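Observations on chain architecture
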Amino acid sequence: MPETLVKSPGVTGVDSSRCQVEWHKLGVRQIDITEVPNFNVTLEKNPEVKVGGHWKPQGCVSWQKVAIVIPYRDRDQHLKILLSHLHPMLNRQKIEYRIFVIEQWGDDKFNRGKLMNAGFIESEKYGPFDCFIFHDVDLVPENDRNLYLCDNHLRHLSSAIDEMRYHVMYYNYAGGVIAIKKDRFIEVNGFANSYWGWGNEDDDFSARTQEKNLLLTRPPEYIGRFKMVRHKKESRNAHGNDLFFGWRGRWETDGLNSHKTMNYSILTEEEMPLYTQISVDLGPSK
Ligand code: UD2
Ligand code: MN
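Every value quoted in this text rests on a predicted model; they were computed, and no experiment measured them.

1. As for the overall build of the protein chain
The helix and strand tally for the protein chain stands at seven helices and 12 strands. Its C-alpha atoms give the protein chain a radius of gyration of 19 Å, near enough to 19 Å, the size a compact globule of 286 residues would have. With the C-alpha coordinates of the protein chain rotated into their principal frame, the extents come out at 75 × 45 × 40 Å. Looking at the protein chain as a whole, 41% of its 286 residues are labelled buried. Sequence-distant contacts, at least 24 apart, represent 84% of the contacts inside the protein chain between residues at least 6 apart.

Spelled out as C-alpha cells, the structure:
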C-alpha cells in the first residue's frame, strides 16, 4: 500500500485573513553599515510608508500592531542607516507598525530606561499597540526571518550581535533589541527611571521580567543576527551596579507607575516622513 500523506488537521479558531509570512521571500541580507543613505533616498525606496513612519499591509490583517521605540540623542547617521533597513524589512514581514524616535533633550547623562517609558506612554495616542519593540538605534537586523513580533514573554531579538562575536554574553542579558507585549510591560512596571548614564538598566529590566515569571526567549543565533554601527563608548554610570543590586526593593515604585520619577515634559512632537519624533525633557539627573 502506498503511503498516504497525513492531512493536516487544520488549526481551528485562526482567522484566515491574518497575514501569512512568505518565508521563501525572507532571509539573510547583506548589510553595509558604512553606507549612510539620506532620508529622501529611503523615502523614495519605500513610497508606501505613511507619514509618522507608519505602515500596514494591504489585503491581510497583521497579527499584532507593533510600536518600535528608539531611544535617541545625537546619532543622526545611525538613524539614517537603521531606517533604510527597517522599513523594507517590516514590509516584507507584513507587520503593521509605527516607528517612534524618543529623543532626550539637553546634555545631561543619557537615560535609556526613562526614555523607553516616555515612548511607551506617548505612543498611546497613535495606538493602541499590542507589542512594543525597544530598539537601540545602532543595531541593524541582518536576517528578515527575525520577525518583529511579541510572544508572551520577554523576547530578546538581538541574540547575536557582530560586536559580541554573534553570541549571547550571559544568560540574563537583554540589551539591544527586545520585544514585549503591552500588558506585560505594564505588569513589570516598565523600565527603571533611575539609571542615568551607561549601563545596568537592561539587566534591571531583565530581572523585573523574571520576577514576574516571564521567560527570556530568543531566536537562534543564525536568525537573531545584528550589526552594530561603530561608536565611541559612553562613560559608565558610577552608581549603576549599586542601584542594580537593589532592584528587587525598587521595581514596584521605580518605573512606569511612579509619580516621583516618571516626570518629563514633551518639547516637540512631529510626524516626520519616516518616523514619529518626540523630544522630551527628562528633568535633571540624580
Ligand atoms: C549596550 C546595550 C544597550 C544598553 C546599553 C547600556 C547592546 C547591544 N546594547 O549598548 O541596549 O543596555 O549597553 O546602557 O548590548 N543612545 C543615544 N545617544 C547617546 C547614548 C545612547 O541615542 O548618546 C541610545 C542609542 O539608541 C544607543 C543606545 O542608547 O544605541 C545604547 O547606548 P550605546 O549604543 O552607547 O551603548 P552600547 O552599545 O554599549
Ligand atoms: Mn551601541
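2. A short note on the site of ligand 1
Residues in close proximity to ligand 1 total 20 residues, the closest being Asp 136, Val 137, Gly 175, Gly 176 and Asp 202. Counting residues per element, the ones that place at least two in the shell around ligand 1 are strand 2 (65-72) and helix 5 (201-211). The dominant element in the shell around ligand 1, judged by the number of residues it contributes, is strand 2, at three residues. The residue makeup of the shell around ligand 1, split by class, is seven nonpolar, four polar and nine charged.

3. Let's talk about the pairing of strand 12 (residues 276-281)
On any regular strand, side chains alternate: one points to one face of the sheet, the next to the other face. Pairing of strand 3 (residues 96-104) with strand 12 involves five bridges; the strand directions are parallel. Across the sheet, Phe 100 pairs through a bridge with Thr 276, a residue of strand 12. Across six bridges, the pairing between strand 11 (residues 265-271) and strand 12 is antiparallel. By the bridge assignment for strand 12, Glu 271 is matched with Thr 276. In this antiparallel pair of consecutive strands, strand 11 and strand 12, the connection spans four residues.

4. Structural notes on helix 5
Inspection of helix 5 places Glu 201, Asp 202, Asp 204, Phe 205, Ser 206, Arg 208 and Thr 209 among the buried residues, and these make up the whole buried set. Residues of helix 5 that are buried sit in contact with helix 3 (112-123), strand 6 (154-156), strand 9 (216-217), helix 6 (240-245) and helix 7 (247-250). One or two residues past the end of helix 5 sits Asn 213, with phi positive at roughly 65 degrees.

5. Describing the environment of Trp 196
As for its placement among the helices and strands, Trp 196 is situated in the loop between helix 4 (182-187) and helix 5. On the basis of neighbour counts, which here come to 22 C-beta atoms within 10 Å, the residue Trp 196 falls in the buried class. Considered as a pair, Trp 196 and Ser 258 are 62 residues apart in the sequence and their alpha carbons are 16 Å apart. Setting aside chain neighbours within four positions, we find Trp 196 in contact with Lys 109, Asn 111, Asn 237, Ser 285 and Lys 286.

6. What to know about helix 2 (residues 76-93)
Given a rise of 1.5 Å per residue, 18 residues ought to cover 26 Å, and the 26 Å separating the end C-alpha atoms of helix 2 matches this to within 8%. Turning to helix 2, its buried residues are His 78, Leu 79, Ile 81, Leu 82, Leu 83, Ser 84, His 85, Leu 86, His 87, Leu 90 and Gln 93. Looking at the buried positions of helix 2, the neighbouring elements they touch are helix 1 (39-45), strand 1 (54-55), strand 2, strand 3 and strand 5 (139-141). Positive backbone phi, at 60 degrees, marks Lys 94, one or two positions downstream of helix 2.

7. Some details on the sheet that holds strand 7 (residues 160-161)
Strand order in this open sheet of three strands is 5-10-7, and the pairing throughout is mixed. Looking along the sheet, the strands with just one partner apiece sit at the ends: strand 5 and strand 7. One ladder, built from three bridges, connects strand 5 with strand 10 (residues 225-228); its direction is antiparallel. In the sheet register, Val 140 faces strand 10, and the bridge partner there is Lys 227.

8. A few points about the nonpolar core
Core analysis: the biggest nonpolar cluster contains 60 residues, and Val 69, Phe 100, Ile 102, Phe 132 and Ile 133 have the highest contact counts within it. Residue contacts for Phe 132: discarding those within four places in its chain leaves Ala 67, Val 69, Phe 120, Ile 180, Lys 182 and Phe 185.

9. Examining the environment of Val 229
In this structure, Val 229 sits in the loop between strand 10 and helix 6. Look past the residues within four positions of Val 229 in its chain and what remains in contact with it is Ile 33, His 78, Ile 81 and Asp 138.

10. Points about unusual backbone geometry
Pro 128 follows Gly 127 through a cis peptide bond whose omega is 5 degrees. With respect to the secondary-structure elements, Pro 128 resides in the loop between helix 3 and strand 4 (131-135). The residue Lys 94 is not glycine, and still its phi comes out positive at about 60 degrees. Structurally, Lys 94 can be placed in the loop between helix 2 and strand 3. Exposure remark for Lys 94: the 22 C-beta atoms within 10 Å place this residue in the buried category.

Scoring rules and cut-offs
Residues numbered from 1 in each chain as written. Chains lettered and ligands numbered in written order. Predicted model: local features only at pLDDT ≥ 70, side-chain atom pairs only at ≥ 80, totals over all residues. Helix = DSSP H or I, 4+ residues; strand = E, 2+ residues; numbered from the N terminus. Rg over C-alpha atoms; globule rule 2.2 N^0.38 Å. Buried ≥ 20, exposed ≤ 12 C-beta atoms within 10 Å, placed from the backbone. Contact = placed C-beta atoms within 7 Å. Near = placed C-beta within 6 Å. Nonpolar A, V, L, I, M, F, W, Y, C, P; charged D, E, K, R; others polar. Pairing = 2+ DSSP bridges. Expected span 1.5 Å × (residues − 1). Core = buried A, V, L, I, M, F, W, Y, C linked by C-beta atoms within 7 Å.

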